[in-house]
Amino acid sequence: MAKDFTALMNQLKNKELDEFEVTPEEFPAFQKAFMAFETRKRVVGQAHKGGKLIYRYDDGGQNDAES
């Protein structure tokens, strides 16, 4: 079953997840969801051996406790 990358990115944004992994085989489906994601500039990926990518959400250093 394919991952719901939009849901995963929303979970990152909402701090329900710290990170998620994308394999080379999953990347085309991820890319499509990523390009349609409203705050995609905050979704940051890091490449690892074997073509695996780990994505995290950069909230710009904002902390909800400071609001």
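In the block above lies the structure referred to throughout.
Computed from a prediction, not measured in an experiment: that's the story for all the values here.

S.K.: Is there a simple way to explain the overall build of the chain in this structure?
M.R.: On a plain count of helices and strands, the chain comes out with 2 helices and 3 strands. For the chain, the succession of helices and strands along the chain, N to C, is α-β-α-β-β. Principal axes of the C-alpha set define a box for the chain whose edges measure 40 × 25 × 20 Å. In the chain, which comprises 67 residues, the share counted as buried stands at 22%. For the chain, the share of sequence-separated contacts (at least 6 apart) that also reach a separation of at least 24 residues comes to 50%. Here the chain has roughly 5000 Å² of accessible surface; of this, 49% comes from carbon and sulfur atoms.

S.K.: Just to check I follow, could you spell out the sheet that holds strand β1 (residues 20–22) for this structure?
M.R.: One key point about sheets: their strands pair by backbone hydrogen bonds, in either a parallel or an antiparallel sense. In spatial order, the strands read β1-β3-β2; together these 3 strands make up an open sheet with antiparallel pairing. The two strands at the open ends of the sheet, each matched to only one other strand, are β1 and β2 (43–47). In this sheet, neighbouring strand axes are inclined to one another by 35° on average, regardless of whether the strands run parallel or antiparallel. As judged from the 5 bridges shared by β2 and strand β3 (residues 53–57), these two strands associate in the antiparallel manner. Residue pairing across strands places alanine 47 opposite leucine 53, the latter belonging to β3. In the packing of helix α1 (residues 5–13) onto the sheet, contacts are made with β1, β2 and β3, and the angle to β1 comes to roughly 145°.

S.K.: Where do I start with the pattern of salt bridges in this structure?
M.R.: All chains considered together, the criterion is met by 3 salt bridges. Note that glutamate 26 and lysine 3 form a salt bridge whose closest N and O atoms lie 3.4 Å from each other. Pair noted here: glutamate 26 is in the loop between β1 and α2 (27–36) and lysine 3 is in the segment before α1, with a separation of 23 residues, a long-range link. For the salt bridge of aspartate 59 with lysine 15, the shortest nitrogen-to-oxygen distance reads 3.3 Å. With a gap of 44 residues between them, aspartate 59 in the segment after β3 and lysine 15 in the loop between α1 and β1 connect regions that are remote in the sequence.

Each value, and the rule that gives it
- Residues numbered from 1 in each chain as written.
- Predicted model: local features only at pLDDT ≥ 70, side-chain atom pairs only at ≥ 80, totals over all residues.
- Heavy atoms only, no water.
- Helix = DSSP H or I, 4+ residues; strand = E, 2+ residues; numbered from the N terminus.
- Buried < 20%, exposed > 50% of the residue type's maximum accessible area, 1.4 Å probe, protein only.
- Contact = heavy atoms within 4.5 Å.
- Areas by Shrake-Rupley, 256 points an atom, 1.4 Å probe, with all protein chains shown as cover.
- Pairing = 2+ DSSP bridges.
- Axes fitted to C-alpha atoms, helices over the stretch in contact; angles between N-to-C directions.
- Salt bridge = Lys/Arg side-chain N within 4 Å of Asp/Glu carboxyl O.

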